[in-house]
Amino acid sequence: MNKSLLNWMCVILITLLFFLSQYFSGGKEYSTLLLIEILGSILLLITLSLRTYQYRLSKAIWVCIITGFLIPILYLIPISLEFWQKLPYRSHYQPILEWVIQQTGELPWLGLSLIPQKTFHALIAITPLLAIFLATTGLERKQLKAIIYIFLLAAGFQAAWGIIQHSSGSAAFYRLERSPIGSAIGGYLNRDHFSVLLYLATPISMGLLFSSFQHHADTDDDKSTAPMITKLLLSILIIMLIATTILAASRAGIFLIFLAFIISLVVFSKNLSIFKSAGIAFVLAGIASVILSSIGIIPVINRFIALDPFEDGRAIIFKTTIEGIKAFFPIGSGPSTFQEVFRNFQAYDDVGFTNHAHNDYLELLFETGLVGAVWGSMALIVFLSGWWFILKVKWDELKFIKMGAGISTTLFLLHGLVDFNFHTPANALAWCFLAAIFLRKESKQWNLGRDLRELKTL
């Protein structure tokens, strides 16, 4: 089959992943999650058959991908009862194991993971993330730009939906009966995870907008200077993203989208005159202020101020999670087992259900111990090294896009200190998509061997 046709099939599948995951509770409904995994598997098969991603990723990235995929498999390998009993904190579960053997008459599946079934589900859930990362890496520039605009269209749809929800206060604009009426949440379950999508889309939107104003257009593409209608639509989108985030009243979301706006403004304005950059910022901020004042910002501010930053008990969750990390170290409880295992460490008077640690890094250590610490550190270093490479590239439309993707994904990782964004499928898919844009190597963009030789001569 024609490679171009297969690439466009990848674009269609990625589009479906975006809209389905964002519309149906951020991808957290079981039926939606199953559909995402099926579409992700199809996308992965097509991508693997194309193999256009092979030379667009560094060896270090490939090491992170392969080892990250092997970690849950490692925790699923069957082990003997004697070896299992020697693992950290497994003695706590010995009476339960004896009861299961007594009831069933056979030894259950024992592995490094306390709950192998949950770890197996985690392995399957990785498939769409790997698929969208590799597929985006392998797309040609024309298809890549198309899927970027589709991603922004999906984010814009969610933002518009959120504005309607807040301004109307009608249950008709919410998918689920238990949704908080009057809150801007789009198709998500709560405002915090909804705001993540909005700040992820902001820097790349600003990158495209500033690129269209750049004096020196990309010489490789005569369409790099967007027409006036494109500039207008991008400006409207940025205003909607910021306004909707404020209406969502997520503390972290508001902080991060303004941080994304300021960083993007500083980074991108270097390629425009100070007057033109200031003019763009002034116009965007002015229009956003008018919109917010017209739809009623005072109730949002009052609700935002009234919230106690510590009322959700994150400090207690962090402390209890660290106790679990120490108990299971260096092996961990197993990937995707936090929800069930964490209950053993909760205080008896804590009757609430804690589904995640509200810190992606602590949860990784809880579940995978030293293995996760080594892999996470390696992956973080590889990701951050992408900034060193991209700073060497000349400013053109593609660099604006890649810088925007880098800002978004870096802020997402920062947000992981106080939330569990990687456990919301829609946001995890968006991050992998943007990370692929940020990390992929373009033709004639850079040469790792040449760069290393240059370093040796310094």
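With that settled, consider the overall build of the protein. A count of helices and strands for the protein gives 18 helices and zero strands. For the protein, with 458 residues in total, the buried portion stands at 51%. Long-range pairs, those at least 24 residues apart, make up 78% of the contacts in the protein with a sequence separation of at least 6. With an accessible surface of roughly 21600 Å², the protein has 69% of that area assigned to carbon and sulfur atoms.

Here we come to the nonpolar core. Grouped together as the largest cluster of nonpolar side chains are 86 residues, with contacts concentrated most on Phe133, Ile148, Phe151, Leu152, Phe433 and Ile437. In contact with Ile437, other than residues within four places in its own chain, are Thr136, Leu144, Ile148, Ile204, Ile401, Lys402 and Ala405. Counting 20 residues, the second largest nonpolar core, distinct from the first, contains Leu97, Leu114, Ile325 and Phe366.

The description of two helices packed together rests on the angle between their axes and the distance between the axes. Contact geometry of helix 10 (residues 251-269) with helix 16 (residues 397-415) gives a least axis separation of 10 Å together with a crossing angle of 150°. One element, helix 10, and the other, helix 16, form an angle in the roughly antiparallel class. Between helix 10 and helix 16 lies a crossing whose hand is right-handed. Packed against helix 10, whose contacting residues are Ala252, Leu256, Leu259, Ala260, Ile263, Ser264, Val267 and Phe268, the element helix 16 presents Phe400, Met403, Gly404, Ile407, Leu411, Leu414 and His415 at the interface. Of the residues belonging to the contact of helix 10 with helix 16, the class tally is 12 nonpolar, three polar and no charged.

This next bit is on the packing of aromatic side chains. To describe a pair of aromatic rings, one takes the distance between the centres and the angle between the planes. One pass over the full model with this rule turns up 27 aromatic pairs. Residues Tyr188 and Phe194 carry aromatic rings whose centres are separated by 5.9 Å and whose planes lie at 55° to one another, so their mutual orientation is tilted. By relative accessible area, which is 0% here, Phe194 ends up buried. Every member of this aromatic cluster is reached through a ring pair, and the members are Tyr89, Tyr93, Phe328, Phe338, Phe342, Phe345 and Phe366.

Here we come to the pattern of salt bridges. Enumeration according to the criterion identifies five salt bridges in this entry. Of the charged contacts in the structure, one is a salt bridge between Glu397 and Lys145, with a shortest N-O distance of 2.8 Å. Of this pair, Glu397 sits in helix 16 while Lys145 sits in helix 7 (residues 141-168), and the two are 252 residues apart along the sequence. As far as burial versus exposure is concerned, Glu397 and Lys145 are alike and both buried. Ionic pairing is found between Arg314 and Asp419, a salt bridge with its closest N-O pair at 3.9 Å. Residue Arg314 is located in helix 13 (residues 314-328), and its partner Asp419 is located in the loop between helix 16 and helix 17 (425-439); the two are separated by 105 residues in the primary sequence.

Together, Phe19, Tyr23, Leu153 and Phe157 make up an exposed nonpolar region whose accessible area comes to about 370 Å². Contributions of two or more residues to the nonpolar patch are made by helix 1 (3-23) and helix 7. Residue placement: Phe157 occurs in helix 7.

To continue, consider the environment of Gly386. Looking at the element boundaries, Gly386 is found in helix 15 (residues 360-390). Sequence separation between Gly386 and Ala435 is 49 residues; the distance between their C-alpha atoms is 9.7 Å. Gly386 has contacts with Phe438 and Leu439, leaving out every residue within four places of it along the chain.

With 19 residues, helix 10 should reach 27 Å at 1.5 Å per residue; the first-to-last C-alpha distance of 27 Å fits that figure. Those residues of helix 10 lying buried are Gly253, Ile254, Leu256, Ile257, Ala260, Phe261, Ser264, Leu265, Val267, Phe268 and Ser269.

Turning our attention to the confidence of the model for the protein. Per-residue pLDDT for the protein has a mean of 85; in total, 83% of the residues score no lower than 70. Per-element confidence in the protein is highest for helix 17, whose mean pLDDT is 96, and lowest for helix 18 (residues 448-457), whose mean pLDDT is 41. Between residues 215-226, whose pLDDT stays under 50, and residues either more than four places distant or in other chains, the model counts 14 contacts.

With that settled, consider the packing of helix 9 (residues 228-248) against helix 10. Here helix 9 crosses helix 10 at 160°, and the two axes come no closer than 9 Å. Judged by the angle between their axes, helix 9 and helix 10 are roughly antiparallel. Between helix 9 and helix 10 the crossing geometry is left-handed. Contacts from Leu241, Ile242, Thr245 and Ile246 in helix 9 reach Gly253, Ile254, Ile257, Phe258 and Phe261 in helix 10.

Moving on, we come to the side chain of His356. Turning to its location among the elements, His356 is positioned in the loop between helix 14 (338-341) and helix 15. For His356, a relative accessible area of 9% gives the class buried. A polar side-chain atom of His356 sits 2.9 Å from a polar atom in the side chain of Glu363. Ignoring any residue separated from it by four or fewer positions in sequence, one finds His356 in contact with Ile317, Phe338, Gln339, Glu363, Phe420 and His423.

Assignment of secondary structure puts Ser333 in the loop between helix 13 and helix 14. Using a relative accessible area of 0% as the deciding quantity, one classes Ser333 as buried. Those residues within four positions of Ser333 in sequence are excluded, and the remaining contacts are Leu112, Ser113, Leu114, Phe328, Val341, Phe366 and Glu367.

The rules behind these values
Residues numbered from 1 in each chain as written. Predicted model: local features only at pLDDT ≥ 70, side-chain atom pairs only at ≥ 80, totals over all residues. Heavy atoms only, no water. Helix = DSSP H or I, 4+ residues; strand = E, 2+ residues; numbered from the N terminus. Buried < 20%, exposed > 50% of the residue type's maximum accessible area, 1.4 Å probe, protein only. Contact = heavy atoms within 4.5 Å. Areas by Shrake-Rupley, 256 points an atom, 1.4 Å probe, with all protein chains shown as cover. Core = buried A, V, L, I, M, F, W, Y, C linked by side-chain atoms within 4.5 Å. Axes fitted to C-alpha atoms, helices over the stretch in contact; angles between N-to-C directions. Parallel < 35°, antiparallel > 145°, perpendicular 65-115°, else oblique. Left-handed = near helix turned anticlockwise from the far one by under 90°. Nonpolar A, V, L, I, M, F, W, Y, C, P; charged D, E, K, R; others polar. Phe/Tyr/Trp six-rings, centres within 6.5 Å; stacked < 30°, edge-to-face > 60°. Salt bridge = Lys/Arg side-chain N within 4 Å of Asp/Glu carboxyl O. Patch = residues over 30% accessible without salt bridge, like charges linked within 9 Å, V, L, I, M, F, W, Y side chains within 5 Å. Expected span 1.5 Å × (residues − 1). pLDDT = per-residue confidence, 0-100. Polar contact = N/O pair within 3.5 Å; in protein donor to acceptor, adjacent residues only side chain to side chain.

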